[in-house]
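In case you want the letters, here they are:
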Amino acid sequence: MQANPLRVPSAEAEADRASNGAAEQKPLAAAELDGERLLHTHATFSAPVQAVLQRLEQEFGRILDGARAETPPAEPIYVTRPFLPPLDEFTPLLERIWRTRVLTNGGPYHRELEHRLRDHLGVPEIALFNNATTALIVALRALNLSGEVITTPYSFVATSHALLWSGLTPVFADVDPRTLNLDPAAIEAAITPRTSAILPVHCYGHPCDVEAIDAIGRRHGLKVIYDAAHAFGVRRQGRSVLTYGDLSVLSFHATKVFNTFEGGAVVCADAARKDQIDKLKNFGHDGETCVVDVGMNGKMSELNAALGLVQLKYVDSALDCRRAIDAAYRAGLRGVRGVRCLDDASEDTANYAYFPILIDPEYPISRDALNEGLKREGIHPRRYFYPLISEFPMYRSLPSARRELLPVAARAADRVLCLPIYPDLDPAVVARVISRIANP
Ligand code: T4K
């Protein structure tokens, strides 16, 4: 197993990033991959990422020269593997928790992480949570919704479950074939007098058509809550995608690009809304002796917040590594008949949270056969998001859940496979995955 390329002294990494300047932030455009080699793009990456790229290129050279990657990985490769900072950087924070015995209820690490994330993400206000599912439920409560909420069937089940927990009726609308995010035209067609809100998902961290969706919300007097569980750090034309709509909800689960083991957050526009959300995540308490709403316990603990503070030092380097792996997959799979990569986020700043491919009918074997074949070799992609939420038993009877009403989402669910992507993924594994997909 290769050394973790991110485990460089943070000061060195900082200096390296600074010397690489703004070019380092530039997303890798498909055109830059011409010539089948990645080396000429190295200048845009920090030193640890260059090391990953160099190894990727060596592997690529072999594959593009016709060799197959014959050695299976020594241990199972999963769709993701949580990034962890060096333990010795976390230990002093743990020692302070042990010393002070401030474990939760808005302690100093919690406050500092909110402050640091607000700056890092470029958002006005953020309230930390123990996970994104409780954050979604609290966000819905904060907006005092009723009746129907238009949402996507192409997501993790937590999106719709948050609506059911809130006594709201999900109304599924179809997705855009290009992004697999809610199609604004389908949203508009699903509006009824009972609609109170729209709950889109920035699926795989790719931004929704936020301008169109926010405009629909304004035109029809509907609230917009973005499930941004996948969208840490994503920007649209320089602006955080988390600043669109009324509220956005992030996940910091172990499988996400920024993890605090478990965790989440609600992003909102002003201090009054944050104050309301902070009360709702703390049982509805307003001071010691007053309760103002049906709150729940959604607080993030000091342990998770402390980890978040250390993770934050590494998140940019981790994103660079993900970007390199994304670029390698795109270059290696280009031209493989029947395999389609989702568009990269062109003018947006992406976070490379997932690497979904769609297996079209002209591919020699089915998506499920490819999935099983990779699993037999110790590589475990995931079919995110199959089946559609609308196909689970508790949703199936909803009028909007009928498969024929959701043809784009249904087709994607039948064809999608998310390939392994995480910062310290061994480039030899990336090469092997490409090789196996190209030669099923
Ligand atoms: N909205 C959206 C759009 C979401 O995608 C999610 C969660 C939510 C809301 C709710 O967020 P949270 O309430 O969780 O904050 C995973 C995650 O549990 C879930 O957070 C995530 N979305 C969903 C897309 O994926 P599973 O059941 O696929 O996870 P699991 O345990 O199979 O993990 C996938 C792979 O990751 C494993 O095969 C190995 C690796 N792994 C996982 C964990 C947990 C590790 O190496 N270490 C670990 O600790 O749901």
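All of these numbers come straight from a predicted model, not from anything done at the bench.

Engineer: Requested: an account of the overall build of the protein chain, with residues and values cited.
Structural biologist: Looking only at helices and strands, the protein chain has 14 helices and 15 strands in total. For the protein chain, the share of sequence-separated contacts (at least 6 apart) that also reach a separation of at least 24 residues comes to 73%.

Engineer: I'd like a description of the site of the ligand, backed by residues and values.
Structural biologist: Neighbouring the ligand are 23 residues, the closest being Ala 132, Thr 133, Phe 156, Ala 229 and Ser 251. Sorting the residues of the shell around the ligand by element identifies α5 (132-142) and α6 (158-165) as the ones contributing at least two each. In the shell around the ligand, the residues fall into 10 nonpolar, 11 polar and 2 charged.

Engineer: Before we move on, can you summarise unusual backbone geometry with the specific residues and values?
Structural biologist: In this structure, the amide linkage connecting Tyr 384 to the following residue, Phe 385, adopts the cis form with an omega of 15 degrees. Summarising the element assignment, Phe 385 is placed in the loop between β14 (379-380) and α12 (393-396). In this structure, Pro 387 follows Tyr 386 across a cis peptide bond, with omega equal to -5 degrees. Notably, Arg 101 is not glycine yet its phi reads approximately 60 degrees, a positive angle.

Engineer: How would you sum up the sheet that holds strand β8 (residues 239-240)? Please name residues and give values.
Structural biologist: Strands belonging to one sheet form pairs held by backbone hydrogen bonds; the direction of such a pair is parallel or antiparallel. Ordered in space as β8-β7-β12, the 3 strands form an open sheet in which the pairing is antiparallel. Among the strands making up the open sheet, the edge pair consists of β8 and β12 (348-349).

Engineer: Describe the environment of Gln 58, and please don't skip the residues or the numbers.
Structural biologist: Mapped onto the elements of the fold, Gln 58 is located in helix α2 (residues 47-64). It is 9.4 Å that separates the C-alpha atoms of Gln 58 and Ala 431, two residues lying 373 residues apart in sequence.

Engineer: Any details on helix α11 (residues 367-376)? Residues and values, ideally.
Structural biologist: The complete set of buried residues in α11 reads Arg 367, Leu 370 and Leu 374. Projection of α11 onto a plane perpendicular to its axis shows the buried side chains occupying an angular sector of 65 degrees, all on one side. Projecting away from the buried face of α11 at angles above 90 degrees are the exposed residues Glu 372, Lys 375 and Arg 376. Turning to α11, the residues buried within the fold contact β13 (355-359), β14, α13 (407-415), β15 (416-419) and α14 (427-438). The positive-phi residue at the C-terminal boundary of α11 is Gly 378, with phi of around 90 degrees.

Engineer: Could you give me a rundown of the nonpolar core, with the residues and numbers involved?
Structural biologist: Counting residues in hydrophobic clusters, the biggest one holds 115 residues, and the most contacted among them are Ala 139, Val 249, Val 266 and Val 430. Element by element, the count of residues in this core is highest for helix α10 (residues 302-333), at 14 residues. Both domain 1 (47-82 + 314-381 + 420-438) and domain 2 (87-312) contribute no fewer than three residues apiece to this core. Look past the residues within four positions of Val 266 in its chain and what remains in contact with it is Ala 127, Phe 129, Ala 135, Val 138, Ala 139, Leu 247, Val 249 and Ile 277.

Engineer: Describe the pairing of strand β5 (residues 195-199), naming the residues involved and giving the relevant values.
Structural biologist: Here β5 lies mainly inside the structure; 4 of its 5 residues are buried. As defined by bridge partners, strand β3 (residues 148-151) adjoins β5 across 4 bridges and the pair is classed as parallel. Within β5, the residue paired with Ile 150 across the bridge is Ile 198. In the sheet, β5 pairs with strand β6 (residues 223-227) via 2 bridges, with the strands oriented parallel. Its bridge partner being in β6, Ile 198 is matched across the sheet by Val 224. Where the polypeptide runs from β5 across helix α8 (residues 210-220) and back to β6, its parallel neighbour, the crossover connection is right-handed.

Engineer: Now, about the sheet that holds β13: what can you tell me, with residues and values included?
Structural biologist: Taken in spatial order, the 3 strands line up as β11-β13-β15 in an open sheet, and their pairing is antiparallel. With one partner strand each, in any of the chains shown, β11 (339-341) and β15 form the two edges of the open sheet. Ignoring which end each strand starts from, the neighbouring axes of this sheet average 35 degrees apart. Relative to β13, β11 is paired through 3 bridges, and the arrangement is antiparallel. Bridge pairing in β13 places Cys 341 opposite Ile 357.

Engineer: Which residues make up the confidence of the model for the protein chain, and what are the values?
Structural biologist: Across the protein chain, the average pLDDT comes to 89, with 85% of residues at or above 70. Taken as a whole, residues 1-41 scores under 50 in pLDDT and shows 58 contacts with residues more than four places along the chain or in a different chain.

Engineer: Provide a residue-level description of the packing of α5 against helix α9 (residues 271-280), including the pertinent values.
Structural biologist: Relative to each other, α5 and α9 sit at 125 degrees, their axes nearing to 10 Å. On the basis of the axis angle, α5 is oblique to α9. Seen from above, α5 lies across α9 with right-handed handedness. Residue-level inspection shows Val 138, Arg 141 and Ala 142 of α5 in contact with α9, the latter providing Arg 273, Gln 276, Ile 277 and Leu 280.

Engineer: How would you explain the packing of helix α4 (residues 108-121) against α10 if you had to name every residue and give the values?
Structural biologist: For any two helices packed against each other, one specifies the inter-axial angle together with the distance between the axes. The geometry of α4 relative to α10 is characterised by a closest axis approach of 8 Å and an angle of 35 degrees between their N-to-C directions. Here the hand of the crossing between α4 and α10 comes out left-handed. Contacts between α4 and α10 involve Tyr 109, His 110, Glu 112, Leu 113, Arg 116 and His 120 on the former and, on the latter, Glu 302, Ala 305, Ala 306, Gly 308, Leu 309 and Leu 312. Residue composition of the contact of α4 with α10, by class: 6 nonpolar, 3 polar and 3 charged.

Engineer: Describe the pairing of strand β2 (residues 125-129), listing the residues and the values that go with them.
Structural biologist: Summarising burial for β2: 4 of the 5 residues are buried, a large majority. Pairing between β2 and strand β10 (residues 264-268): 5 bridges, direction antiparallel. The residue bridging Ala 127 from the neighbouring strand is Val 266, located in β10.

The rules behind these values
- Residues numbered from 1 in each chain as written.
- Predicted model: local features only at pLDDT ≥ 70, side-chain atom pairs only at ≥ 80, totals over all residues.
- Helix = DSSP H or I, 4+ residues; strand = E, 2+ residues; numbered from the N terminus.
- Contact = placed C-beta atoms within 7 Å.
- Near = placed C-beta within 6 Å.
- Nonpolar A, V, L, I, M, F, W, Y, C, P; charged D, E, K, R; others polar.
- Pairing = 2+ DSSP bridges.
- Buried ≥ 20, exposed ≤ 12 C-beta atoms within 10 Å, placed from the backbone.
- Arc of directions from axis to C-beta.
- Core = buried A, V, L, I, M, F, W, Y, C linked by C-beta atoms within 7 Å.
- Domains from an automatic or database assignment.
- Right-handed = clockwise from strand over helix to strand, strands pointing away.
- Axes fitted to C-alpha atoms, helices over the stretch in contact; angles between N-to-C directions.
- pLDDT = per-residue confidence, 0-100.
- Parallel < 35°, antiparallel > 145°, perpendicular 65-115°, else oblique.
- Left-handed = near helix turned anticlockwise from the far one by under 90°.

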